[in-house]
Amino acid sequence: MSIEKDILEQVRSAVTGETPLAIQGGNSKQFYGRATQGKPLSVNGHRGIIDYTPSELVISVRAGTPLTELQSVLDREGQMLPFEPPHFGETATVGGCIACGLSGPRRPYTGAVRDFVLGVNCINGKAEILHLGGQVMKNVAGYDLSRTLTGSLGTLAVLLDVHLKVLPRPALQTTLVHNCSADSAVKNLNQWAGQPLPLSGGCYMDGKLYTRLSGMAEGVQAAASKIGGEPLDDAEHFWEQLREQQLPFFSGDTPLWRLSVPAATKPPVLNGATLLDWGGAQHWLRSDLPADTIRNAVTAVGGHATLFRGGDRNAAVFQPLQPAMLALHQRLKSTMDPAGIFNPGRMYPEL
């Protein structure tokens, strides 16, 4: 029996017995989301490249394929995953990358994970194999449910295969450093974002603004002359450490909050250490403040807060939903997973 058929049989058995399943890939992001209980369902063995045509900038891959393997294949062709996904460990898989929907520093400038998902093959909660979206860009039309699955933390379906759009690696990258205040950093990043500059990263930490430029050599050099700043040595290592949360800021046991706010927003005044990413649209906060205090402050500026690491994983991890939005989520869950067997409660206790 193939691994795909074995996964399907396990889902079919769980549906019949109404047995909750805890879907697993490499478990590199097990810390993310609420605690959930269920019989382990591993897709880790369902791996490998299905199809790759570099000239078409499209690759199809099985969900259990290690991210490192996928990126090695792309590297050999001078291509990359544009959303710069964090791994959080050597065991990270493509399926986990899509299910968590997490993007790295390049996200505001090239797009999020969902923007590069062309289609998926998956198993729903009725033990049916669904083929959603397409395998090439011109075939993707209508309501794109594959993007809905992106970031759903395995609560709607079991991913089997993923079809992704990729991009060429930039010819040149450079990172420039400015000493400034957080307010100045946000102002500069937003002004530069409104100009034809090849921005690919904007981070503020410990009184320093780090700005990455990526693209053709001539364009990067012209942009660097325009915005100024000191070149950063070993810049690639810095952005990798930021993406993988290996900078000193991320160490320790204090709860780590992810604050998503409008890019031009001044940092909310909250007790704790702060790092700004995504050109000011993503704030990382290390704080022991009560969840309501943090969420009220972030909501006041039009954003939302997620308890990313640490803290109480049985409490509300994601921003609580308004009744109408929760009802929409529940209808989607009941359509895709009528028995509620996939990662129950991983996102919200009601799902």
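Structure: above.
Counting restarts for each chain, with residues numbered from 1 along the sequence as it is written. Local features in a predicted model are, by the rule used here, given only for residues with pLDDT of at least 70; side-chain atom pairs are given and counted only at 80 or more, and totals for whole chains, interfaces and linings are based on all residues. Note that water and hydrogens are dropped before the side-chain values are worked out from all heavy atoms of the structure.

Visitor: Could you clarify how one ought to interpret the pairing of strand β15 (residues 273–277) in this entry?
Guide: A regular strand places its side chains on the two faces of the sheet in alternate fashion. Pairing between two strands is assigned when DSSP locates at least 2 bridges connecting them. Counting from the N terminus, the helices are the DSSP runs of H or I reaching at least four residues and the strands are the DSSP runs of E reaching at least two. Pairing of β15 with strand β16 (residues 282–286) involves 5 bridges; the strand directions are antiparallel. Within β16, the position partnered with Asp277 by the bridge is Gln282. Counting the residues in the hairpin turn of β15 and β16 gives 4 residues, including Trp278, whose phi is positive at 55°.

Visitor: In this structure, what is going on with the sheet that holds strand β4 (residues 58–62)? I would like to understand it.
Guide: Backbone hydrogen bonds hold the strands of a sheet together, and the pairing may be parallel or antiparallel. Spatially, the 5 strands line up as an open sheet ordered β3-β4-β8-β6-β7, and their pairing is antiparallel. Each edge of the open sheet carries a strand with a single partner, namely β3 (49–53) and β7 (129–133). Across this sheet, the average inter-strand angle for adjacent strands is 10°, counted without regard to direction. Here strand β6 (residues 117–123) pairs with β7 via 5 bridges, running antiparallel. Its bridge partner lying in β7, Cys122 is registered against Leu130. Residue contacts follow a heavy-atom distance rule, with two residues in contact if any of their heavy atoms lie within 4.5 Å. Axis definition: a line fitted to C-alpha atoms, over the contacting stretch in the case of helices. Angles run 0 to 180 degrees between N-to-C directions. Of the strands in this sheet, β3, β4 and β8 (158–165) are in contact with helix α2 (residues 67–76), which crosses β3 at around 20°.

Visitor: What is the right way to look at a negative patch on the surface in this model?
Guide: Where like charges cluster on the molecular surface, the negative patch consists of Asp233, Asp234, Glu236 and Glu240. Whether a residue is buried, partly exposed or exposed follows from its accessible area with a 1.4 Å probe, protein chains only, as a fraction of its type maximum: under 20%, in between, or over 50%, in that order. Note on Asp233: relative accessible area 70%, which makes it exposed. Nonpolar side chains (Val, Leu, Ile, Met, Phe, Trp, Tyr) are joined into patches within 5 Å and like charges within 9 Å, using only residues with over 30% relative accessible area and no salt bridge. Accessible surface area values rest on a Shrake-Rupley calculation with a 1.4 Å probe, where residue burial reflects the displayed protein chains alone. Each salt bridge in this description consists of a side-chain nitrogen of Lys or Arg and a carboxyl oxygen of Asp or Glu lying within 4 Å of one another. When charges are counted, Lys and Arg contribute as positive and Asp and Glu as negative, whereas His and the chain ends are disregarded. Each charge is placed at NZ for Lys, CZ for Arg, CG for Asp and CD for Glu.

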